[in-house]
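Residues per chain, in single letters:
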Amino acid sequence: MGAFKEPHGGELKNLYLSADVAEAEKQAAREYLSWDLSERQLCDIELVLNGAFSPLDGFLNKNDYDSVVKNMRLESGVLWPLPITLDVSEEFAASINTGDKVALRDLEGVIIATLVVGDVWTPDKKVEAKGVYGTTDEAHPAVHYLNNIANPAYVGGKLAGIERPTHYDFKHLRDGPHEMRARFKKLGWRKVVAFQTRNPMHRAHQELTLRAAREVEANLLIHPVVGMTKPGDVDHFTRVRCYEQLLSRYPDQTTMLSLLPLAMRMGGPREALWHAIIRKNYGCTHLIVGRDHAGPGKDSKGEDFYGPYDAQELLKEHADELDITMVPFKLMVYAENRAQYIPIDEKSDDDKVLNISGTELRRRLTEGLDIPEWFSFPDVVAELRRTHPPRHRQGFTVFFTGLSGSGKSTIAHALMTKLMEIGGRPVSLLDGDIVRKNLSSELGFSKEHRDLNITRIGYVASEITKNGGIAICAPIAPYTSTRRIVRDTISPVGGFVEIHVSTPLEVCEERDRKGLYAKARAGIIKEFTGISDPYQVPENAEMVIDTVGISPDLAAHRILVKLEAMGYIR
Ligand code: PPS
């Protein structure tokens, strides 16, 4: 196995134009139609342009897309497991034709690349979800993204790179595949084993990577994903500081840290193949694949989407084609009697093994409990504690959802007052009616407008939460997927407590405080929730309150007790 072999399917791409050509194209592109790249598209485009996604030279056209979804291969037969597509709105799709050029811009309007439009089509998202991820269950983060966040139409076509996406953080750790290959060559690293991660690394990970490197007599590249990972993951700033702490614990000159701006799909086995191809493009000869590689978690029935070693199996099946060797690893556990880590399959009956799961670690962090040295190095734990203070010092959002007239606003007011009485954090109320007067005054009640309204509330609440405050939201928020987007936005920055005010429709209608139900029944108000518009009942709200028979005061008191039990107040 040569360390610097050309990747399968052709040379390592570099789609950036030379400086003067790029400048000319940039000037010309001012006249092109323009598309603002989403966060995920920005991640994808960076890795297409710098060659990490070789042999791709743009976003997939329809034939390649169909073939990838169905057979895990490009039309040419080259192995490529995940569809890299440019999703756009219907209006935008209708405005472009094959052969047109489009300027692709980052969030600040900088032109990153231009695209020569190939195919424009509307994908069958069910077929894509089933084919690529083996499921249409929206508990899978990629299926949720596909159905609820990605735009409805796709555009394929070749890319020409104008400017590298800007990163202001950890510049010294951001090398593309060409630079990494050059660094390996310069250092004489002929064999390099890559370690993929989206989590903070503890002693078990260090032990595993050291063993893997020793086993295959290779140098080690710690190659964490810093683009988009699973919602709820530790933010990459904290993680990279942890990795930097850990790096000093490896033997000198053996190990390198570099960041990968990848948008993960949590696609399990197919994603593991993708990770292998990417690491080969970066010049690695080996990739560590552990238990449940790139696993999406549980499905809506509480079962695993993929078997724990499915990813290893799929890589084994395609070993001949991959040109990078998998180093399979079992779960590492700490054998207290031996005072060392061992793979779980080497455990004998005499061994007393200890393990702290991710969930248990989060619990200890949020409750400010001890994290033992056998589990993690103290400087890594100190980094984690800096960004994960115990819950009573974190910000949080209480998100009420329920029908109009269910009592959300009244309980929200009562709760706000009680929380202000306790003190310690600023409290903001984002009530449905207030938001509609201020933040969302131009919006109506179509699904699209309701979603926009809730996303705005979620955005404001996440800022309040991130800065240590308490946000109380009380919209109807009738759609499950939108509530989930809000949860996913807020959970990484603090607490999120969803409360379903489940007062039955008959009771709300009977109360009809604002006279809206009567108008809705008479057809004067259209799209009225519960009457002529849907309300999707929450399935995993932290709390359900039916206001029949309990006062707003008692309801707010129960919520306070719940918040105390969860550790947010004390
Ligand atoms: S949503 O669906 O979450 O965006 O709705 P929200 O922002 O909470 O706004 C709900 C309030 O607007 C009034 N209203 C309607 N509600 C539902 N459907 C229709 N068509 C409608 N038209 C006006 C109603 O007073 C809601 O207030 P609450 O406090 O919930 O009773």
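Each chain carries its own residue numbering, running from 1 in the direction its sequence is written. Owing to the predicted nature of the model, reporting of local features is limited to residues with pLDDT of at least 70; listing and counting of side-chain atom pairs is limited to 80 or more, with chain, interface and lining totals taken over all residues. Side-chain metrics in this entry use all non-hydrogen atoms of the structure; hydrogen atoms and water are not considered.

A look at the overall build of the chain
(1) Moving on: To qualify as a helix, a DSSP run of H or I must reach at least 4 residues; to qualify as a strand, a run of E must reach at least 2; elements of each kind are numbered from the N terminus. Within the chain, the regular secondary structure consists of 21 helices and 19 strands.
(2) Moving on: Atoms counted for the radius of gyration: C-alpha only. Globule rule: 2.2 Å times residue count to the power 0.38. For 570 residues, the compact-globule formula gives about 25 Å, and the C-alpha radius of gyration of the chain, at 26 Å, lands near that figure.
(3) Moving on: Projected onto the principal axes, the alpha-carbon positions of the chain cover approximately 75 × 65 × 40 Å.
(4) Moving on: Burial analysis of the chain (570 residues in total) assigns 54% to the buried set.
(5) Moving on: Any two residues having at least one pair of non-hydrogen atoms within 4.5 Å are treated as being in contact. Pairs at least 24 apart in sequence give 74% of the contacts found in the chain among residues at least 6 apart.
(6) Moving on: As displayed, the chain has an accessible area near 25300 Å², and 50% of this comes from carbon and sulfur atoms.
(7) Moving on: Where the 71 positive side-chain charges of the chain centre and where its 79 negative ones centre are 3 Å apart. Exposed residues in this analysis have more than 50% of their type's maximum accessible area, buried residues have under 20%, and partly exposed residues fall in between, with area computed by a 1.4 Å probe over protein chains only. Shrake-Rupley sampling with a 1.4 Å probe provides the accessible areas, and residues are treated as covered by the protein chains on show and by no other component. The positive count covers Lys and Arg only, the negative count covers Asp and Glu only, and His and the chain ends enter neither. The location of each charge is read from NZ of Lys, CZ of Arg, CG of Asp or CD of Glu.

Description of empty space enclosed by the protein
(1) Moving on: In this analysis a 1.4 Å probe is tested at points of a 1 Å grid over the protein atoms alone, and where it fits but cannot get out there is a cavity; an open set with protein on both sides within 12 Å along at least five of seven lines is a pocket; lining residues have an atom within 4 Å of a point. Grid points are joined across faces, edges and corners, and a volume is the space filled by probe spheres set on the points. This model, assessed by the stated rule, comprises four cavities of 30 Å³ or more.
(2) Moving on: Size it by volume and the largest cavity reaches roughly 130 Å³.
(3) Moving on: Elements supplying a minimum of two residues to the lining of the largest cavity: helix 2 (39-49), helix 5 (125-133) and helix 6 (141-148).

Let's talk about the packing of helix 9 (residues 236-247) against helix 14 (residues 378-387)
(1) Moving on: In the contact formed by helix 9 and helix 14, the axes pass within 9 Å of each other and the chain directions differ by 165 degrees. Considering their axes alone, helix 9 and helix 14 lie roughly antiparallel with respect to each other. Helix-helix and strand crossings are classified by hand; for helix 9 and helix 14 the assignment is right-handed. Note on element contacts: helix 14 touches helix 9 through D379, V380, E383, L384, R386 and T387, opposite T238, R241, C242, Q245 and L246.
(2) Moving on: When the residues that make up the contact of helix 9 with helix 14 are grouped by side-chain class, the tally is four nonpolar, three polar and four charged. Orientation is described by lines fitted to C-alpha atoms, with helices fitted over the stretch in contact, and by angles between N-to-C directions that extend from 0 to 180 degrees. By definition in this entry, angles of less than 35 degrees are roughly parallel, angles greater than 145 are roughly antiparallel, angles of 65 to 115 are roughly perpendicular, and the rest are oblique. Each helix crossing is assigned a hand: it is left-handed if the near helix lies turned anticlockwise from the far helix by less than a right angle, otherwise right-handed if that turn is clockwise. The residue classification treats Ala, Val, Leu, Ile, Met, Phe, Trp, Tyr, Cys and Pro as nonpolar and Asp, Glu, Lys and Arg as charged. All others, Gly included, are polar.

Considering the sheet that holds strand 19 (residues 543-545)
(1) Moving on: One open sheet accounts for five strands, arranged 16-17-15-18-19; its pairing is parallel. The open sheet terminates on both sides in strands that have one partner only, identified here as strand 16 (427-431) and strand 19. This sheet shows a mean twist of 20 degrees between the axes of neighbouring strands, independent of strand direction.
(2) Moving on: The pairing of strand 15 (residues 396-402) with strand 18 (residues 495-501) spans seven bridges and is parallel. Bridging across to strand 18, F399 finds its partner in E498. Criterion used throughout: strands pair if DSSP finds at least two bridges between them.

What about the domain arrangement of the chain?
(1) Moving on: In terms of domains, the chain is made up of domain 1 (8-161), domain 2 (171-260 + 266-333) and domain 3 (391-565).
(2) Moving on: Start and end positions for the domains come from either an automated domain assignment or a database one. Distance from the C-alpha centre of domain 1 to the C-alpha centre of domain 3: 37 Å.
(3) Moving on: Buried area counts how much accessible surface, traced with a 1.4 Å probe, disappears from two parts once they are put together, with both parts' losses summed. For the pair domain 1 and domain 3, the summed buried area comes to about 360 Å², and 54% of that belongs to carbon and sulfur atoms.
(4) Moving on: When residues of domain 1 are sorted by the area they lose upon contact with domain 3, E138, H144 and N148 head the list and together hold 77% of the total.
(5) Moving on: What counts as a salt bridge is simple: a side-chain nitrogen of Lys or Arg found within 4 Å of a carboxyl oxygen of Asp or Glu. At the boundary of domain 1 with domain 3, the tally comes to zero salt bridges.
(6) Moving on: Counting of polar contacts relies on pairs of N or O atoms within 3.5 Å, with two restrictions inside protein: one atom must be capable of donating a hydrogen and the other of accepting it, and residues adjacent in sequence are counted only when both atoms are side-chain atoms. Counting across the domain 1 and domain 3 interface gives one residue pair in polar contact (both at pLDDT 80 or more).
(7) Moving on: When the residues that make up the side of domain 1 that touches domain 3 are grouped by side-chain class, the tally is three nonpolar, two polar and one charged.

Examining the packing of aromatic side chains
Within a pair of aromatic rings, the relevant descriptors are the distance that separates the centres and the angle that separates the planes.
(1) Moving on: Any pair of Phe, Tyr and Trp rings, taking the six-membered ring for Trp, is counted once the centres come within 6.5 Å. Such a pair is stacked with planes under 30 degrees apart, edge-to-face with planes over 60 apart, and tilted for the rest. Tallied over the entire structure, the rule returns 15 aromatic pairs.
(2) Moving on: Note on Y65 and W121: the rings are 5.4 Å apart at their centroids and 55 degrees apart in plane angle, and the pair reads as tilted. Here Y65, found in helix 3 (residues 62-71), pairs with W121, found in strand 5 (residues 111-121); they are 56 residues apart in sequence, far enough to count as distant. Of the two residues, Y65 and W121, both sit in the buried class.
(3) Moving on: Here the aromatic rings of F396 and Y568 are separated by 5.1 Å at their centres, their planes lie at 35 degrees, and the arrangement is tilted. With F396 in strand 15 and Y568 in the segment after helix 21 (552-566), this pair connects stretches of sequence that are 172 residues apart. Of the two residues, F396 and Y568, both sit in the buried class.
(4) Moving on: An aromatic cluster is defined as three or more aromatic residues linked by ring pairs; in this entry it consists of Y334, Y341, W374 and F375.
(5) Moving on: The ring of Y16 has R164 lying over it, and the distance from NZ or CZ to the ring centre is 4.2 Å.
(6) Moving on: Look at NZ for Lys and CZ for Arg. If either is within 6 Å of the ring centre and within 35 degrees of the ring normal, a charge sits over the ring. In this structure, K330 is placed above the aromatic ring of Y309, and the distance from its NZ or CZ to the ring centre is 4.3 Å.

Let's talk about the environment of S54
(1) Moving on: Summarising the element assignment, S54 is placed in the loop between helix 2 and strand 2 (58-59).
(2) Moving on: Between the C-alpha atom of S54 and that of E510, which follows or precedes it by 456 residues, the distance is 63 Å.
(3) Moving on: S54 has contacts with E11, L12, K13, W80, I277 and N281, leaving out every residue within four places of it along the chain.
(4) Moving on: Engagement of the side chain of S54 in a polar contact is seen with the backbone nitrogen of K13, the distance being 2.8 Å.

Points about helix 18 (residues 480-490)
Side chains that are three or four residues apart share a direction in an α-helix, a result of its 3.6 residues per turn.
(1) Moving on: Those residues of helix 18 that fall on the buried side of the exposure criterion are S481, T482, R483, V486, R487 and I490.
(2) Moving on: Considering only its buried residues, helix 18 is in contact with helix 6, strand 15, helix 17 (447-466) and strand 18.

Quick notes on the site of the ligand
(1) Moving on: Being near a molecule or strand, for a residue, means having at least one of its heavy atoms within 4 Å of it. Around the ligand lies a shell of 22 residues, among which S404, R436, R450, N453 and E527 are the nearest.
(2) Moving on: Interatomic distance of 2.6 Å between a side-chain N/O atom of S404 and an oxygen atom of the ligand.
(3) Moving on: Contact between the ligand and T529: a nitrogen atom at 3.4 Å from a main-chain N or O atom of the residue.
(4) Moving on: For the ligand, the accessible surface in isolation is 630 Å², of which the surrounding protein chains cover 93%.
(5) Moving on: Breaking the shell around the ligand down by element, the ones donating at least two residues are helix 15 (408-422), helix 16 (432-438) and helix 17.

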